[in-house]
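What follows is each chain in one-letter form.
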Amino acid sequence: MKGKTFAGALLTATLMAVALTPPMAANAALGAADFIKASGNVLKLNSGTGSTINLRGTNVGGWLTQEDWMSPLGEYAVDRTGWSATASAGTAGNAINGSGTSRWTTNSNQTGSEWLQISLGAATVFNRLAMDNTANAGQYPRTVDIEVSSNGSTWVSVATQPGTDGVTNVKFSPQVASYVRVRQTASAAALWSVGELNLFNDPVLHNGTHTATAFATAGGTTAANALDGNVSTVWQSGTAQAPGQTFTIDLGRNVDMDKVLLDAGSATANDYPRIWDVYVSWDNVTYTQVASGFGTNRVIQADFQGTKNGRYLRIASNGTSSQWWSIAEVAISSGTALDRGGWAMSASVGASPANMVDGTVSTRWTTGAAQTNGQYIQADMGALVTLNNVTIDTAKNTSDETDYARGYTLQLSKNGSTWTTVATGVGTFKATTIGFVAQAARYFRLTQTGSSGSWWSIGELTAGLYNDDYSLQLTMADRFGTGGAQTIIDAHQDTWLTETDLDNLDAAGFNFVRVPIGWNTFLNLDGSWKSNPWEKIDWVIDELSERGIYTLIDLHTVPGGGCPWGSCGRIGPNPNGFWGSSTYQDWVVDIWEEIATRYEGEPAVAGYDLINEPLIDYGEDADDVTQKSNYYDRLYDAVRAIDPDHTIFFGAFFSVSAIAHPSTYGWTNVVYEYHPYDMPNSKNWTSQNQLVTNELNGLAAKLSNPGVPILYGEYSLYYNDDVWSRFMAGLNASNVSWSAWTYKVRGTASDGFAYWGMYYDNQKPIPVINSDDSATYISKLGQFGTANFTQNARFVATLSKYAGGLSTYNPVAISHSGWTATASSTAGGTSTAGGIDGVGGGSWANGAAMAGGEWYRIDMGSNRTVAMVTVQTPSGNTWDYPRGFTLEASTNGTTWTTLATGIAYGWKRPVSVTPTTARYLRITQTGSAPQWWTIDEVTVYSSY
């Protein structure tokens, strides 16, 4: 960074006191005249006296902080302590030794009789098995049968499926077992090798409190059999499969769900639904469809591609088969915490310990007496569960908020008699989150060690195996030591973002990048400063500056977590741990004082984003906003005492009412930042478009009051090129800054992630945090350079179009006059003309389930300029959208050029293209789905 003008001796002494290095010197392309400050409700150059500047760019998420869905730093598996392995041949232990360079192998070609067996040491909960043969290409199991046992002699099959070259992931309903066996049941002229085998316990709902009904039930079976946790018992329809058959589950309460798994059972493996549809409802009257597909195996997982809330889950079998429909087990995915159904709670004092796990903070367990050392509560989870977090919470705005433990000790046990202390500390107001190194236990005991006149009360107790930045750092430091953990983090950071990536950002035309940084970048877990936390930050600021690009320093995570979800660094309750800890708050003040000291006067830094997504409670009230604003004021004062000039960014986040007016504290040169998302309605064009309408319509009021500049620091509008365009044009027109989320993500297009990142889709194996050795860890991370990702060319083009400041969005639709259409097939009662006669005027349908290869061709009568094409289904048939598409253009109807390929992702799909001249357009459906392909309208735009 540029040389500083303040007293060098004083600065050096300060830095040495916290083991930091002095600022580095560099020749930045951005100079003093480029220094940004707020002036009224806009940002201006030359320290606020020059021309107006609108910041336009993206985020580089997943680089200097972990977000598990995006960055590849790993996932947690079931604790393998105490495991042993046997096999039909070979050195079985190599499959569970944590090394990517050793392997277990059959040493001979696959014949269908090979097996690999793991003894887990005790009854353990798990619902997914993964085998990695990446280092031995081609040596994957051709077909696997996963079996479990409680005694090593009586076995039950829980899943059968083909293997996969690379990582074979097998999902099944939750099992409690002491042994697991993988049998290879096919023949192949190849060895079977396993580099590493891991089990996982992905969070699902416990079915013990759910009830089920079915359209019909065969004698000797019951609907409850699908919810009893036993894959050997089944519900059966007793009749051949036909459209309209349903199985409905009452969860007893509204629940957030995102997937459901169905197992037809091993004895009835062919009784899976040939066509399945899934619906959710709040009232058992009005149902919303959330998933659909073909059944091909005994185990089916329906992915809702976004969280859906409801009390009732309905599965429909809408295919035709002579087979009955059978369900052995249903597993519903929900959230990140462990479901506590089936837990046994006890306490040393007080009544109703079950109130801690009944799903509501409005009921409580309490000591009913003042806090004294030795009071405890205990949970028996019924089997070994791998976990790394326990949280206790109380009802909001009640006297319970002060009934937090004045001290605590958390102990784990596998047998209920031998206990290990894993955490000690002091509770915090209202809610306390307790993190520890991931490990397996059946029991945990939380003992109150302080004293207070207040009772000790718990409204809700939750636990989980959380993959957040804090838990990652804690486990890596425990496994590899502080230095070893940093070596792994460095390997990731040196791979994830390079100079080539910064060139890509420059080529996109951005003038601004928001850089999310975790607090662990600066501090060790105990709050001590790292020896040189500035290297990567200095590098990115300097390199971006040379390209004429500003950096916003975003403290993306804070110790304890500034909001309840993982993107704030720590999954937890409301409020999360940061808001009740003066120690954590002091650490963050220290961090910002050092940042301000280092970058004071640096024009390449656009400003300081003090806390990412600060949220004390989902239902923040006036007291919460005051508490948050008071702390923001403390940070503001700390920064201003050192750096009077840099713009400070405050997280208004949900709304302008979530933070105080600047005049309340006398804040000046500040920006209010918003992160608008509508994730539950990701596949609904209307919802995403309405979100943009609401935001753009609200700009004038926000710019007037509180009258400060605005940054839309994060947002995603999914697969809607037109909605993205309208939003950014509107922001540019109002001199409002923006940075889309994000530069790159691991997820695939089919999972809905293609429009979360300019680069996406890297399916290389990620590390297993609690079992891979250091060399394996680093080797896996080396596969996540951007060259191994796919560029979303259309998304990049859309961002680039508005990165230069374009402030208009005026799509010009081409008149349908003189158009004609043909198709690969046409259903009775529809016509090809119905797809080009205006919205609601009629429709075309292909007349059969989508299988791939269906096409719809338009002749526009003469050559036209084509810049965007929108394909939408009728409002009454929103699931009739193409699951994949190829869009081609031609001037003669014979020679075709591909303009775009992708997935439709919802009932209306706008596809922007590089403007081209064409008379003919051909849309080919490339996916598969039980529905017909139906088109209500194709709209073609000559410009937008």
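For the structure itself, consult the block above.
Residues numbered from 1 in each chain as written. Predicted model: local features only at pLDDT ≥ 70, side-chain atom pairs only at ≥ 80, totals over all residues. Heavy atoms only, no water.

1. With respect to the environment of Thr 391
Along the polypeptide, Thr 391 turns up in strand β23 (residues 375-393). Residue Thr 391 is classed as buried on the basis of its relative accessible area of 4%. Separated by 299 residues in the primary sequence, Thr 391 and Gln 690 place their C-alpha atoms 37 Å from one another. With residues near it in sequence (within four places) discarded, Thr 391 still touches Thr 432, Thr 433, Glu 460, Leu 461, Thr 462 and Pro 573. Reaching out from Thr 391, the side chain makes a polar contact with the side chain of Asn 389 at a distance of 3.0 Å. Within polar-contact distance, the side chain of Thr 391 engages the side chain of Thr 433 at 3.3 Å. (Helix = DSSP H or I, 4+ residues; strand = E, 2+ residues; numbered from the N terminus. Buried < 20%, exposed > 50% of the residue type's maximum accessible area, 1.4 Å probe, protein only. Contact = heavy atoms within 4.5 Å. Polar contact = N/O pair within 3.5 Å; in protein donor to acceptor, adjacent residues only side chain to side chain.)

2. Some thoughts on the sheet that holds strand β1 (residues 37-39)
Here three strands make up an open sheet; going across it, the order is β1-β2-β3 and the pairing antiparallel. At either margin of the open sheet sits one strand with a lone partner, and together these are β1 and β3 (52-53). Summarising the sheet, strand β2 (residues 42-44) and β3 pair through two bridges and their orientation is antiparallel. Directly across from Leu 43, in β3, lies its bridge partner Ile 53. (Pairing = 2+ DSSP bridges.)

3. Some thoughts on the packing of helix α9 (residues 685-697) against helix α11 (residues 721-733)
Following both chains from N to C, one finds α9 and α11 inclined at 5°, their axes separated by 10 Å at the closest point. If you check the angle between α9 and α11, you find them roughly parallel. Where α9 abuts α11, its residues Trp 685, Gln 688, Asn 689, Val 692, Thr 693, Glu 695 and Leu 696 lie against Asp 722, Val 723, Arg 726, Phe 727, Gly 730 and Leu 731. Its residues assigned to classes, the contact of α9 with α11 shows six nonpolar, four polar and three charged. (Axes fitted to C-alpha atoms, helices over the stretch in contact; angles between N-to-C directions. Parallel < 35°, antiparallel > 145°, perpendicular 65-115°, else oblique. Nonpolar A, V, L, I, M, F, W, Y, C, P; charged D, E, K, R; others polar.)

4. Remarks on the nonpolar core
Of all hydrophobic cores here, the largest spans 119 residues; its most connected members are Phe 522, Trp 592, Tyr 608, Leu 610, Phe 650 and Tyr 712. If you tally residues by element for this core, the top one is helix α6 (residues 582-599), at eight residues. With residues up to four places along the chain from it excluded, the contact list for Phe 522 reads Ile 517, Ser 528, Trp 529, Lys 530, Pro 533, Trp 534, Ile 537, Leu 555, Ile 591 and Ile 595. Within the second largest apolar cluster, 31 residues are counted, among which are Ala 95, Leu 129, Ala 159 and Phe 172. (Core = buried A, V, L, I, M, F, W, Y, C linked by side-chain atoms within 4.5 Å.)

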